[in-house]
Amino acid sequence: MKKIYILLLLLCSNLFLAQNINFTTNTNFKTALLAANTNNTIAKDVNLNPMKIDLDNDSEISEIEALAVYHLDISLSNLITNSISNISEISNFTNLETLKCNKHQLISLNVSMLSNLKKLVANKNQLTSVLLPINSDPILPNKLEYLSLEKNLLTSINLTNLPLRYVFLGQN
């Protein structure tokens, strides 16, 4: 009977542990996130303090660790890593207010799930498709105010219902 209780306790405790994000598409994105620490500006918390994302030092990024990130700058000039071609796992960073991902090889960028995003800068990529947070709900309005997608390969982009104050789309 004691073994059954221990087994149940272990199973229940696993339900409360955070799940790690599966970086299947591009390990360079994960490498960039793991490089974040208090001595660089890759990631910042809600108070704009530089932060380490991998707080438990397991070389993984959990969903809970992702939620602590409010500002992310993975621009190539800010990293000591290879160029990034896919950041689809960015959808796990739902508290992001700022995302900078300049000078990579991104072809598509989907930030439609990032309803808190206020600033997006993705210049000098190879973007042909960008999905922005589109929300027509007046209770949860869009927050994106600053958009810079210069020097990409965009031919069109949907800016409907976005409270944009600054838009930079030159050289597309």
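Above this note sits the structure.
Parameters and conventions
- Residues numbered from 1 in each chain as written.
- Predicted model: local features only at pLDDT ≥ 70, side-chain atom pairs only at ≥ 80, totals over all residues.
- Heavy atoms only, no water.
- Salt bridge = Lys/Arg side-chain N within 4 Å of Asp/Glu carboxyl O.
- Helix = DSSP H or I, 4+ residues; strand = E, 2+ residues; numbered from the N terminus.
- Buried < 20%, exposed > 50% of the residue type's maximum accessible area, 1.4 Å probe, protein only.
- Contact = heavy atoms within 4.5 Å.
- Pairing = 2+ DSSP bridges.
- Core = buried A, V, L, I, M, F, W, Y, C linked by side-chain atoms within 4.5 Å.
- Phe/Tyr/Trp six-rings, centres within 6.5 Å; stacked < 30°, edge-to-face > 60°.
- Lys NZ or Arg CZ within 6 Å of the ring centre and 35° of its normal.
- Lys, Arg positive; Asp, Glu negative; His and termini not counted.
- Polar contact = N/O pair within 3.5 Å; in protein donor to acceptor, adjacent residues only side chain to side chain.

Participant: Explain the pattern of salt bridges to me, and be specific about the residues and the numbers.
Facilitator: By the definition in use, this model includes one salt bridge. The salt bridge involving Lys30 is made with Glu60; its shortest N-O contact spans 3.0 Å. Of the two residues, Lys30 is situated in helix H2 (residues 27–34) and Glu60 in the loop between strand S1 (43–44) and helix H3 (63–67); the sequence distance between them amounts to 30 residues.

Participant: Give a detailed account of H2, specifying residues and quantitative values.
Facilitator: Looking at H2, one finds that the buried residues are Asn28, Phe29, Lys30, Ala32 and Leu33. Contacts from the buried residues of H2 go to strand S2 (71–73).

Participant: How would you explain the sheet that holds strand S5 (residues 119–121) if you had to name every residue and give the values?
Facilitator: If you trace the six strands from one edge of the open sheet to the other, you get S1-S2-S3-S5-S7-S8, paired in mixed fashion. Every interior strand has two partners, whereas the edge strands, S1 and strand S8 (166–168), have only one. Note: S5 against strand S7 (residues 146–148), three bridges, orientation parallel. Within S7, the residue paired with Leu120 across the bridge is Leu147.

Participant: Give me the lowdown on the nonpolar core, citing residues and values where you can.
Facilitator: Ranked by internal contacts, the top residues of the largest apolar core, which has 38 residues, are Leu72, Ile74, Ile87, Leu99 and Leu120. A total of three residues in this core trace back to one element, the largest contributor, which is H2. Ile87 has contacts with Phe29, Ile74, Leu99, Cys101, Leu106 and Leu109, leaving out every residue within four places of it along the chain.

Participant: Run through the packing of aromatic side chains, naming residues and quoting values.
Facilitator: Enumeration according to the criterion identifies three aromatic pairs in this entry. Measuring from centroid to centroid gives 5.8 Å for Phe23 and Phe29, while their planes differ by 65 degrees, and the two rings are edge-to-face. For the residue pair Phe23 and Phe29, the accessibility class agrees, reading buried in each case. Summarising the aromatic geometry, the rings of Tyr146 and Tyr166 are spaced 5.9 Å apart at their centres and angled 45 degrees between planes, so their arrangement reads as tilted. Residue Tyr146 is located in strand S7, and its partner Tyr166 is located in strand S8; the two are separated by 20 residues in the primary sequence. Given the relative accessible area of 44%, Tyr166 is considered partly exposed. A cation sits over an aromatic face here: Lys119 above Tyr146, 4.7 Å from the ring centre.

Participant: Account for the side chain of Asp73, with residues named and values stated.
Facilitator: Secondary-structure assignment places Asp73 in strand S2. Look at Asp73: it is buried, it has no salt bridge, and the nearest opposite charge is Lys100 at 4.7 Å. Separated by 2.8 Å, the side chains of Asp73 and Ser75 make a polar contact. What Asp73 contacts, discounting residues up to four positions off in sequence, is Thr41, Ile42, Asn78 and Lys100.

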